[in-house]
Amino acid sequence: MSRKFHIATFGCRTNQADSAALRQDFLDRGYSETEDSSQADVVVVNSCTVTHRSDQQVRQLTRRLRRDNPAARLLVTGCYAQREPQALARIRGVDAVVGNTRKSELVQLAQGISIRPADGRPRNASQRGVSRREMAAVYSDDFAKVRAIDWTPATQVGGRTRPFVKIQDGCDAKCTYCIIPSVRGPSRSVPPQQVLEQVRRLVGAGFREIVLTGIHIGTYGMHLRPRFPLDRLLGEIAGMQGLGWLRVSSIEPMELSRRIIDLAADSDKIAPHFHICLQSGSDSVLKRMLRPYNTARFASIVEEIRDKIPHAAIGTDVIVGFPGESEEEHRRSLDFVGRMPFTYLHVFPYSDRSGTKASSMEGKVDPREIKRRSAQFRALSDQKEAAFRRSFLGRRLQALTLTDTAPDGSRLALTGNYIQALLPASYSGNQLVQGQALRETDNALVLG
């Protein structure tokens with residue numbers, strides 16, 4: 001009887017891709033996956049640390065998983081494990097904390113194989129009493145020792161119909177609010193041959209949509225020798241037989257080249273969906289954030305997409321309440337976002353992260369004010385999303401069916417331009433279907 005594992009994943013699509021790689025490692029070593037953490041022999045928490053709230057959620061879930069399954073080996077990895085391993089190591093019942101620099105060794109720990117902890121002292125991972133009575137062992141290194149990207153070609157995606165393929169990790173930017181470069185390391189890319197091979201395997205396994213992801217995906221290939229730019233990679237993937245469509249996750253505006261926009265305009269294999277990180281619609285706030293553009297430059301990129309691909313979804317991120325943000329700057333940001341043809345927003349109340357330049361800036365905004373301003377942006381997002389969705393009523397759309405169903409039993413689906421759709425329950429997941437948008441219900445279009 002095979003041993004069972006369970007992975008709980010927090011955070012971004014890159015973390016989801018990392019969990020898929022861990023899943024593949026476990027399966028390749030003879031484990032079987034279970035959705036019931038209480039039945040697992042090994043429980044892994046893949047953590048996020050982008051906000052204080054995410055840290056808190058990781059700690060809460062870790063404690064609950066231990067209570068629900070006192071016998072399992074409990075391992076915590078991911079960005080919070082890299083940033084603050086001792087805080088996690090102090091949680092009673094954690095067996096080991098594995099930073100992002102050592103994540104590829106996690107399955108060895110689960111198997112009880114001795115590897116070198118961060119303090120350099122060998123410890124047998126099977127000596128579980130150490131972690132229960134004292135702090136757990138920490139396995140993490142400085143990113144100065146990291147030269148390449150950890151990569152496992154995962155084809156077992158845990159029931160998803162839209163597998164995430166990590167093509168890049170790390171970030172070289174110096175945004176004053178962001179902790180991610182310190183927990184993900186410098187920008188580095190998966191060699192194109194390996195990316196193409198993984199995509200071929202996934203397409204060969206029957207997946208219709210592939211999502212490319214990374215921390216700073218627009219820098220893909222810049223550190224490879226020879227260079228292999230993102231638009232070239234997209235072109236090669238788009239030419240694969242059997243691919244339904246390719247979706248690109250969030251990209252920085254200054255890395256979104258005209259070649260990528262033109263490629264998406266000319267190819268029906270690239271989903272008409274761009275998520276471009278704005279962060280603020282105030283030039284003075286962008287300057288304090290050390291973002292390398294102003295609102296005029298950003299607007300020109302968005303307008304070019306809308307001109308060349310009128311039906312494209314265009315989403316963005318907005319940070320609300322950055323240190324020193326005045327009411328005037330907030331209104332300027334809200335007005336700019338309101339004028340832009342965005343189809344949805346991801347709104348992030350500013351979260352102070354120790355170790356970032358922003359954490360030592362003066363003029364912290366009152367949390368109640370951040371909440372009020374965030375509500376205004378979320379209301380604007382709802383308006384934009386509804387207007388975009390309704391503009392397709394009566395039109396034919398192509399959508400990918402998902403594994404999930406709506407409360408009424410309808411099959412959930414996602415269009416190429418990122419609109420949630422509903423189809424009859426008779427449809428199974430992972431099908432590309434076409435239908436006419438008959439009506440709107442529950443923030444979705446009903447296709448028939």
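Shown above is the structure to which this text applies.
About the thresholds
Residues numbered from 1 in each chain as written. Predicted model: local features only at pLDDT ≥ 70, side-chain atom pairs only at ≥ 80, totals over all residues. Heavy atoms only, no water. Helix = DSSP H or I, 4+ residues; strand = E, 2+ residues; numbered from the N terminus. Rg over C-alpha atoms; globule rule 2.2 N^0.38 Å. Areas by Shrake-Rupley, 256 points an atom, 1.4 Å probe, with all protein chains shown as cover. Lys, Arg positive; Asp, Glu negative; His and termini not counted. Charge placed at Lys NZ, Arg CZ, Asp CG, Glu CD. Pairing = 2+ DSSP bridges. Axes fitted to C-alpha atoms, helices over the stretch in contact; angles between N-to-C directions. Contact = heavy atoms within 4.5 Å. Buried < 20%, exposed > 50% of the residue type's maximum accessible area, 1.4 Å probe, protein only. Polar contact = N/O pair within 3.5 Å; in protein donor to acceptor, adjacent residues only side chain to side chain. Expected span 1.5 Å × (residues − 1). Parallel < 35°, antiparallel > 145°, perpendicular 65-115°, else oblique. Left-handed = near helix turned anticlockwise from the far one by under 90°. Nonpolar A, V, L, I, M, F, W, Y, C, P; charged D, E, K, R; others polar.

Student: If you had to explain the overall build of the chain to someone new, which residues and values would you point to?
Tutor: Secondary structure summary: the chain contains 14 helices and 19 strands in total. The C-alpha radius of gyration of the chain comes to 22 Å, within 12% of the 22 Å expected for a compact globule of 448 residues. In terms of principal-axis extent, the alpha carbons of the chain reach across some 60 × 55 × 50 Å. Carbon and sulfur atoms provide 48% of the accessible area of the chain, an area that totals close to 19,400 Å². One way to put it: in the chain the 65 positive side-chain charges average out to a point 3 Å from where the 48 negative ones average out.

Student: Quick one: what's the story with the sheet that holds strand β11 (residues 245-248), residue by residue and with numbers?
Tutor: The parallel open sheet is built from three strands, whose spatial order is β7-β10-β11. In this open sheet, the two edge strands, each paired with only one partner strand, are β7 (164-166) and β11. Each strand of the sheet is rotated relative to its neighbour by a mean of 30°, with strand direction disregarded. As judged from the three bridges shared by β7 and strand β10 (residues 209-213), these two strands associate in the parallel manner. Of the residues in β10, the one forming a bridge with Val-165 is Leu-212. Strands β7 and β10 of the sheet are contacted by helix α1 (residues 13-28), whose axis makes an angle of about 90° with β7.

Student: Could you give me a rundown of the side chain of Glu-325, with the residues and numbers involved?
Tutor: Mapped onto the elements, Glu-325 comes out in the loop between β13 (313-320) and α13 (327-339). You can call Glu-325 buried: its relative accessible area is 5%. A distance of 3.0 Å separates a polar atom in the side chain of Glu-325 from the backbone nitrogen of Gly-321. A polar contact of 2.9 Å, which involves the side chain of Glu-325, links it to the side chain of Arg-373. In this structure, Glu-325 is in contact with Val-285, Arg-288, Ile-319, Val-320, His-330, Val-365 and Arg-373, ignoring residues within four places of it in sequence.

Student: Break down helix α12 (residues 295-308) for me, citing the residues and quoting the values.
Tutor: An ideal rise of 1.5 Å per residue puts 20 Å on 14 residues; α12 measures up with 20 Å between its terminal C-alpha atoms. Listed in full, the buried residues belonging to α12 are Thr-295, Phe-298, Ala-299, Ile-301, Val-302, Glu-304, Ile-305 and Arg-306. The backbone nitrogen of Ala-296 has a side-chain oxygen 3.3 Å away, supplied by the residue at the start of α12, namely Asn-294.

Student: For the packing of helix α9 (residues 230-238) against helix α10 (residues 258-266), give the residues involved together with the corresponding values.
Tutor: Where α9 contacts α10, the axes come no closer than 9 Å and their chain directions differ by 20°. When the interaxial angle is binned, α9 and α10 end up roughly parallel. The two elements α9 and α10 meet at a crossing, and its hand is left-handed. Here α9 contributes Leu-230, Asp-231, Leu-234 and Gly-235 to the contact with α10, which in turn contributes Arg-259, Ile-260 and Leu-263. Of the residues belonging to the contact of α9 with α10, the class tally is four nonpolar, one polar and two charged.

Student: Could you give me a rundown of the sheet that holds β13, with the residues and numbers involved?
Tutor: Strand order in the open sheet formed by three strands is β12-β13-β14, and the pairing between neighbours is parallel. For this open sheet the edge positions go to β12 (273-275) and β14 (344-349), each flanked by a neighbour on one side alone. Taking the axes of each pair of neighbouring strands and ignoring which way they run, one obtains an average angle of 15° across the sheet. Relative to β13, β12 runs parallel, the two being bridged by three bridges. Each bridged residue has a counterpart across the sheet, and for His-273 the counterpart in β13 is Ala-313. With respect to the sheet, helix α14 (residues 367-390) is in contact with β13 and β14, its orientation differing from that of β14 by roughly 170°.

Student: Got a sec to walk through unusual backbone geometry? Specific residues and values, please.
Tutor: Cis geometry is adopted by the peptide bond preceding Pro-226, which originates at Arg-225 and carries an omega value of 0°. Mapped onto the elements, Pro-226 comes out in the loop between β10 and α9. Located in the positive-phi region is Asn-430, a residue other than glycine, with phi close to 70°. Mapped onto the elements of the fold, Asn-430 is located in the loop between β17 (420-423) and β18 (432-441). In this structure, Asp-442 takes a positive phi of about 50° despite not being glycine. If you trace the backbone, Asp-442 turns up in the loop between β18 and β19 (444-447). Judged by relative accessible area, Asp-442 falls into the exposed class, the value being 65%.

Student: Give a detailed account of the environment of Pro-367, specifying residues and quantitative values.
Tutor: Looking at the secondary structure, you find Pro-367 in helix α14. Judged by its relative accessible area of 62%, Pro-367 falls in the exposed class. Counting along the chain gives 46 residues from Pro-367 to Gly-321, while the straight-line C-alpha distance between them is 8.2 Å.

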